[in-house]
Amino acid sequence: MKERVHSTQLKQFIGKTAVAAGWVQDIRLMGGLKFLVVKDREGFFQITLPKKAVSAEIFAVPDKLTKESVVRVEGEVKAAVQAAGGYEIIPARLEVVSLAGAPTPLDTSGKIESGLDARLDYRFLDLRNHKSIALFKLRAKMLKYVIDYFEQQGFIGINTPKLTSAGVESGAELFEVNYFGRKACLAQSPQIYKQMMVCAGFEKVYEIGAVYRAEKSQTTRHLTEFTGIDFEMGFIDSFHDPMDVIEGMFRHVIAELNKNCAKELALFNRKPVVPKKIPRLSLDEAKKLLAAQGKKIPDGEDLDPEGERLIAKIVKEKFGEEFVFLTHYPWGKRPFYHMRPVDDPKVTLSFDLVWNGIEVSTGAQREHRYEVLKAQAKEKGLDLDAMKDYANLFKYGAPPHGGAGLGLDRFVECLLELDNIREGILLPRDPIRLTP
Ligand code: AMO
């Protein structure tokens, strides 16, 4: 048999024979003429069956066919103004490769809306449309451009364990695993390992990998398993260095997406703005701007989601940017390993990046001086030496360093302005959903 081609390649076969295949979208029986509209990954084509021009056996095929069945056709290609996708094939051979059960549990045409739960239950059917395929093509490209950027900047890609004995973030968010009778947990961040590899002499590292959070938050922006983009860099002058890296990364990724994926972005009505200079506002400055608009945030507190949305709006009006860095989070709200400025121990040298009102990244300069770190841990009721593997990093030569973590799924949600983070991940995991 000839090699299969996609619907978009059919124009090269006008007047010639081609083989195409896909999922039946529509079946039209009009007496002496029958049509099948077929979808493949790239688009649509039509199989046209004039009674006079095809064998009786082939002419009978559409009668017992169901939508979403897989068919394979070989025949002459014609350009046709009316045909789906613009090309039709008059079949010399027509094979029903897989007959679909009817009705399908979900409407795949996009004409009847289904609830998100029903869609996720039958995710493979929910995704069987060109907009969803475009979304995951975009997601794959985002990852490629992120990796390209880190490589260009001299970062070394690493893969660290996801089965661990403990983390350095809050213990409340750990998923426990029975590890041959011992207690282990799924990594809630590669924090300890990325700092470890800076101290190992790699200087600049990045990791793209699974992150697990036992957070019981059933929101539109939380998952229990997500893809983390983490980086860490040594010999920094200040926490502005990791912010510069993130800023450069977003500039690169968004510019590349606009250049190479405009068609896919258009399906989501998006033309994301490449950041020029992302404003860096201390949390106190942000709170003042919010207070001027009537939104009071108590001292020592973070912005709530409403505050994040409002500050994004203010920044867009004031600076024309979709992004804003909020810096100097209160010590009480940040982990013990964040460095504090000498002159103001109430805050940390930390930042969040907010994109169109949603936090997409968190980072900080880390405390690399063993004695100071030990004291900071104590202030938080922790014993640094009990975290032996972490404590050791700071005893044998640790350069000043900092980094950040970013959730790819949040990145996709913000880029495409999705209603729910679950739409941008193939098979979401949350406190309720563990299937398929
Ligand atoms: P943090 O806990 O803020 O920081 O996580 C970093 C980024 O990961 C994403 N994120 C999530 N995405 C989906 N579902 C969740 N439940 C979820 N939780 C977090 C967000 C967030 O900004 N170790 C630090 C990073 C660092 O300082 O380098 C950390 O993990 O986009």
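What counts and how
- Residues numbered from 1 in each chain as written.
- Predicted model: local features only at pLDDT ≥ 70, side-chain atom pairs only at ≥ 80, totals over all residues.
- Heavy atoms only, no water.
- 1 Å grid on protein atoms, 1.4 Å probe; cavity = no way out; pocket = protein on both sides within 12 Å on 5 of 7 lines; lining within 4 Å.
- Points joined across faces, edges and corners; volume = space filled by probe spheres on them.
- Helix = DSSP H or I, 4+ residues; strand = E, 2+ residues; numbered from the N terminus.
- Buried < 20%, exposed > 50% of the residue type's maximum accessible area, 1.4 Å probe, protein only.
- Pairing = 2+ DSSP bridges.
- Contact = heavy atoms within 4.5 Å.
- Axes fitted to C-alpha atoms, helices over the stretch in contact; angles between N-to-C directions.
- UniProt positions renumbered as here; feature names shortened; annotations may be inferred.
- Salt bridge = Lys/Arg side-chain N within 4 Å of Asp/Glu carboxyl O.
- Near = heavy atom within 4 Å.
- Polar contact = N/O pair within 3.5 Å; in protein donor to acceptor, adjacent residues only side chain to side chain.
- Areas by Shrake-Rupley, 256 points an atom, 1.4 Å probe, with all protein chains shown as cover.
- Nonpolar A, V, L, I, M, F, W, Y, C, P; charged D, E, K, R; others polar.
- Parallel < 35°, antiparallel > 145°, perpendicular 65-115°, else oblique.
- Left-handed = near helix turned anticlockwise from the far one by under 90°.

Tell me about empty space enclosed by the protein, and name the residues and values.
Summed over the entire model, instances satisfying the criterion amount to 1 cavity of 30 Å³ or more. Of the pockets and cavities examined, the largest cavity occupies roughly 40 Å³. In terms of lining, the largest cavity is formed by F150, I229, F231, I246, M249, A404, G405 and L406. Broken down by secondary-structure element, the contributors of at least two residues to the lining of the largest cavity are β11 (225-234), α6 (240-260) and β16 (401-407).

Got a sec to walk through the pairing of strand β15 (residues 358-365)? Specific residues and values, please.
Of all the 8 residues making up β15, 6 are buried; the element is thus mostly covered by neighbouring parts of the structure. Here strand β14 (residues 350-355) folds back onto β15 in antiparallel fashion, the turn holding 2 residues, of which N356 has a positive phi close to 45°. As judged from the 5 bridges shared by β15 and β16, these two strands associate in the antiparallel manner. The residue of β16 that forms the bridge with A364 is G403.

Break down the sheet that holds strand β12 (residues 280-282) for me, citing the residues and quoting the values.
Here we have 8 strands laid out as an open sheet, ordered β6-β10-β11-β16-β15-β14-β13-β12, and mixed in their pairing. The sheet is open, and its two edges are formed by β6 (156-157) and β12, each paired on a single side. Here β14 runs beside β15; their pairing, made up of 6 bridges, is antiparallel. Of the residues in β15, the one forming a bridge with S350 is A364. In the packing of helix α9 (residues 305-319) onto the sheet, contacts are made with β12, β13 (323-327), β14 and β15, and the angle to β13 comes to roughly 120°.

Tell me about the UniProt feature "binding site: ATP" (unreviewed entry) in the protein chain, residues and numbers included.
As annotated by UniProt and renumbered to match this structure, "binding site: ATP" (unreviewed entry) occupies R213, A214, E215, R221, H222, L223, E359, G407, L408, D409 and R410. Considering the arrangement of structural elements, one finds E215 in the loop between β10 (204-212) and β11. Apart from residues no more than four positions distant in its own chain, E215 is found in contact with E173, H222, T224 and P431. Examined against the element boundaries, L408 turns out to sit in helix α12 (residues 408-415). Assessed through its relative accessible area of 0%, L408 is described here as buried.

Which residues make up the pattern of salt bridges, and what are the values?
Counted by the stated rule, this structure contains 37 salt bridges. Among the salt bridges present, the one from E42 reaches K137, with a minimum N-O distance of 3.9 Å. Here K137 lies in helix α4 (residues 130-152) and E42 lies in the loop between β2 (33-39) and β3 (44-50), a separation of 95 residues in the sequence. Of the residues examined, E42 reaches a relative accessible area of 27% and is grouped as partly exposed. In this structure, the salt-bridge partner of D126 is R123, at a minimum N-O distance of 2.6 Å.

Help me get a handle on the site of the ligand, residues and values and all.
By nearness alone, 23 residues border the ligand, and E169, Q191, K194, E359 and R366 come closest of all. Here an oxygen atom of the ligand sits 2.5 Å away from a polar atom, N or O, in the side chain of E359. Within the contact set of the ligand, an oxygen atom lies 2.8 Å away from a side-chain nitrogen or oxygen of T362. Alone, the ligand offers 630 Å² of accessible surface; in the complex the protein occludes 91% of this. Elements supplying a minimum of two residues to the shell around the ligand: α5 (191-202), β15 and β16. Here the element with the most residues in the shell around the ligand is β15; it accounts for 5 residues. The residue makeup of the shell around the ligand, split by class, is 6 nonpolar, 9 polar and 8 charged.

Tell me what's going on with the UniProt feature "binding site: L-aspartate" (unreviewed entry) in the protein chain, and back it up with residues and numbers.
Per the UniProt record, "binding site: L-aspartate" (unreviewed entry) is annotated on E169, R213, T362 and R366. Mapped onto the fold, R213 is located in the loop between β10 and β11. Setting aside its immediate chain neighbours within four residues, R213 contacts E173, F175, Q188, S189, L223, T224 and F226. Separated by 2.8 Å, the side chain of R213 and the backbone oxygen of Q188 make a polar contact.

Describe the packing of α4 against α12, with residues and values.
Closest axis-to-axis distance for the α4/α12 pair is 11 Å, and the angle between their directions is 120°. For the element pair α4 / α12, the angle class is oblique. The handedness of the crossing between α4 and α12 is right-handed. Taking contact as the criterion, the partners of L135, R139, M142, L143 and V146 in α4 are, on α12, L408, D409, F411, V412 and L415. Residue classes in the contact of α4 with α12 are distributed as 8 nonpolar, no polar and 2 charged.

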